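The lines below spell out each chain.
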Amino acid sequence: MAARHVTRGVLTALNGTTGAGLLLALATRARIRRGRHGVLIAEGYRLPVPPASCFTVGSVILTRRSAQWLLDEQRAELFAHEHRHAGQYAVLGPLFWPAYWVACGYSYVTTGSWGVRNFFERNAGLRAGGYPTDLPLRPWLNRLPLRGPSATRSRRRRDGSPSPD
Ligand SMILES: [Zn+2]
């Protein structure tokens, strides 16, 4: 196992998020299997939330399907996506949860999708996670007088002052 995978496993064990994932697996009677890169897979998860085919808590990937299904070569990108979430838990610990929900809220308010503008899902890979890779901003946002970098640049040019880039 690569050193970074060991580090991730140790960090998620120490910060309690893997323990939370294992508790959730036990409470929902999911069966815990060995995964890849030191990640555990809890198969046969049955609760209706979240609606995704799999989700990650610490270094535990919980899935409605079997561990074999997730470890299949055809699901390599999905596994990699969930594996990156485990890395996010290693960095943030339990702060992952509030931070993730804020990111979900921001994405939902601006696009109507929980994932498209969610930092954590973008970081883990939108396509691999089954999210659209881009969506237009909701119409009311375009009516706000927001100044993006391009708007600033064009205004600067109109003023005749030199552009720094
Ligand atoms: Zn994800």
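Being a predicted model, the structure only gives us computed values, none of them experimental. (Residues numbered from 1 in each chain as written. Predicted model: local features only at pLDDT ≥ 70, side-chain atom pairs only at ≥ 80, totals over all residues.)

1. Comments concerning the overall build of the chain
Filter applied, for reference: Here a helix means four or more residues in a row that DSSP labels H or I, a strand means two or more in a row labelled E, and each is numbered from the N terminus. Three exposure classes are used, all based on how many other C-beta atoms lie within 10 Å of a residue's own C-beta (placed from the backbone): buried at 20 or more, exposed at 12 or fewer, and partly exposed between those limits. By definition, residues are in contact whenever their C-beta atoms, placed on the basis of the backbone, come within 7 Å of each other.
Tallying secondary structure elements over the chain gives eight helices and four strands in all. Listing every helix and strand of the chain by position from the N terminus yields α-α-β-β-β-β-α-α-α-α-α-α. The buried share of the chain, reckoned over its 165 residues, is 29%. Within the chain, contacts between residues at least 6 apart in sequence are counted, and of these 49% link residues at least 24 apart.

2. Structural notes on helix H5 (residues 96-111)
Using the following cut-off: A helix is expected to span 1.5 Å for every residue after the first.
Taking 1.5 Å as the rise per residue, H5 with 16 residues should run 22 Å; its terminal C-alpha atoms sit 22 Å apart, in good agreement. Phi turns positive, to about 85°, at Gly 112, one or two residues after H5.

3. Let's talk about the sheet that holds strand E3 (residues 54-57)
The test is simple: If DSSP finds at least two bridges between two strands, the strands pair. Structural elements are reduced to axes, namely lines fitted to C-alpha atoms, with helices fitted over the stretch in contact, and the angle between N-to-C directions of any two is expressed from 0 to 180 degrees.
Judged by pairing direction, the sheet is mixed, and its four strands sit side by side in the order E1-E2-E4-E3 without closing on themselves. Each end of this open sheet is capped by a strand with a single partner; those strands are strand E1 (31-34) and E3. This sheet shows a mean twist of 25° between the axes of neighbouring strands, independent of strand direction. The strands that helix H2 (residues 17-27) touches are E1, strand E2 (40-43), E3 and strand E4 (60-63); relative to E4, the one it contacts most, it runs at about 25°.

4. Re the nonpolar core
We count it as follows: In plain words, the nonpolar core is the set of buried Ala, Val, Leu, Ile, Met, Phe, Trp, Tyr and Cys residues that C-beta atoms within 7 Å link up.
Judged by nonpolar contacts, the single largest core of 21 residues is most densely connected at Ile 41, Ala 42, Val 60, Ile 61, Leu 62 and Leu 70. Contributing elements (two or more residues each) for this core: E2, E3, E4, helix H3 (67-71) and helix H4 (76-92). Take this core: its biggest share by element is five residues, from H4.

5. Comments concerning unusual backbone geometry
The linkage connecting Val 49 with the following residue, Pro 50, adopts the cis geometry, with an omega of -10°. Note on placement: Pro 50 falls in the loop between E2 and E3. Here the phi dihedral of Arg 29 falls at roughly 60°; this positive angle occurs in a residue that is not glycine. When the 10 C-beta atoms within 10 Å are taken as the criterion, Arg 29 is described as exposed.

Such coordinate-based values are descriptive only and should not be taken to indicate function.
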